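These are the residues of each chain, in order.
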Amino acid sequence: LRKVVELDPDHLQARRLLADVALNVGDRDQALREAMKAYQQNAGDPDAVRLLVGVLAVKGEKQQAKDILTLAEKDHGKSPKMLLALIEGYARIEDRDQAERLAKVLVDSTPETPDDRIAVARALLASNRPGEAEKMLLDEYKRDSSNPAVAFEIGKLYSLTKRTIQSLEYYRKALAAN
């Protein structure tokens, strides 16, 4: 992974994996360095925001994480994917008020793509509205049953709501669509 990052410093996935490995072996400082580099190179990428906020949360740096989330919202907070990353980040640092505020913004938006609708469904689920999340995902699945991401999200929703048989059915559909 280090070699990949040396050859391609902008490779977000490699940096994310490096940070995850560092966290797993207890090297929080190295994880923070990798997350900071990823964020500096990709500040508008929801995954870079998630990574940095996640590492800061693990380190107990909630105020720094909140500052990153505030900046990301101000500069890049319009897309459903970024809004979802912000919601997850605020939830991670236990700022439920901000998470709920952004979940309302996201849920009230008009999602245009399947990925946007998945993001809204996740926000609905995070807002303890699983019935609405289920309806949105099932409607999306009816639009395009060949999209494995939608089938997988339905499987996750059913798993979280303790509907194992339905969950397995949609996980199988996701695999079959690949």
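Residues numbered from 1 in each chain as written. Predicted model: local features only at pLDDT ≥ 70, side-chain atom pairs only at ≥ 80, totals over all residues. Heavy atoms only, no water.

Participant: Describe the nonpolar core, listing the residues and the values that go with them.
Facilitator: If you look at the biggest cluster of nonpolar residues, it comprises 49 residues, and the most contacted ones within it are V49, L52, L69, L86, I87, L106 and I154. Take this core: its biggest share by element is eight residues, from helix α4 (residues 46-58). The residues contacting L52, other than those within four sequence positions of it, are L32, A35, M36, Y39 and I68. (Core = buried A, V, L, I, M, F, W, Y, C linked by side-chain atoms within 4.5 Å. Buried < 20%, exposed > 50% of the residue type's maximum accessible area, 1.4 Å probe, protein only. Helix = DSSP H or I, 4+ residues; strand = E, 2+ residues; numbered from the N terminus. Contact = heavy atoms within 4.5 Å.)

Participant: Which residues make up α4, and what values do they have?
Facilitator: Relative to the 18 Å expected for 13 residues at 1.5 Å per residue, α4 spans 18 Å between its end C-alpha atoms, a close match to the ideal helical length. Of all the 13 residues making up α4, ten are buried; the element is thus mostly covered by neighbouring parts of the structure. Looking only at α4, the buried set comprises P46, A48, V49, L51, L52, V53, G54, V55, L56 and A57. Buried-residue contacts for α4 involve α2 (12-24), α3 (28-41), α5 (62-76) and α6 (80-92). (Expected span 1.5 Å × (residues − 1).)

Participant: Describe the side chain of R15, listing the residues and the values that go with them.
Facilitator: Counting through the fold element by element, R15 comes out in helix α2. For R15, the side chain forms a polar contact with the side chain of E34, separated by 2.6 Å. Every residue in contact with R15, bar those within four places of it in the chain, is listed here: V5, P9, E34, K37, A38, Q41 and L51. (Polar contact = N/O pair within 3.5 Å; in protein donor to acceptor, adjacent residues only side chain to side chain.)

Participant: Before we move on, could you go through the environment of S145 and cite the residues and values that matter?
Facilitator: Structurally, S145 can be placed in the loop between α9 (130-143) and α10 (148-160). For the pair S145 and L1, spaced 144 residues apart in sequence, the C-alpha separation works out to 36 Å.

Participant: Account for the pattern of salt bridges, naming residues and giving values.
Facilitator: This structure, assessed with the given rule, holds 20 salt bridges. We note a salt bridge from K66 to D95, for which the minimum N-O separation is 3.0 Å. Note that K66 is positioned in helix α5 and D95 in the loop between α6 and α7 (96-107), a separation of 29 residues in sequence. A salt bridge links K156 to E153; the nearest nitrogen and oxygen atoms lie 3.3 Å apart. Of this pair, K156 and E153 are both found in helix α10, three residues apart, which corresponds to roughly one turn of the helix. (Salt bridge = Lys/Arg side-chain N within 4 Å of Asp/Glu carboxyl O.)

Participant: So what about the packing of α5 against α6? Which residues, and what values?
Facilitator: Between α5 and α6, whose axes approach to 10 Å, the crossing angle comes to 165°. As far as their axial angle goes, α6 and α5 are roughly antiparallel. Helix-helix and strand crossings are classified by hand; for α5 and α6 the assignment is left-handed. Where α5 abuts α6, its residues K66, L69, T70, A72, E73 and H76 lie against M82, L86, G89 and Y90. A class-by-class count of the residues in the contact of α5 with α6 yields five nonpolar, three polar and two charged. (Axes fitted to C-alpha atoms, helices over the stretch in contact; angles between N-to-C directions. Parallel < 35°, antiparallel > 145°, perpendicular 65-115°, else oblique. Left-handed = near helix turned anticlockwise from the far one by under 90°. Nonpolar A, V, L, I, M, F, W, Y, C, P; charged D, E, K, R; others polar.)

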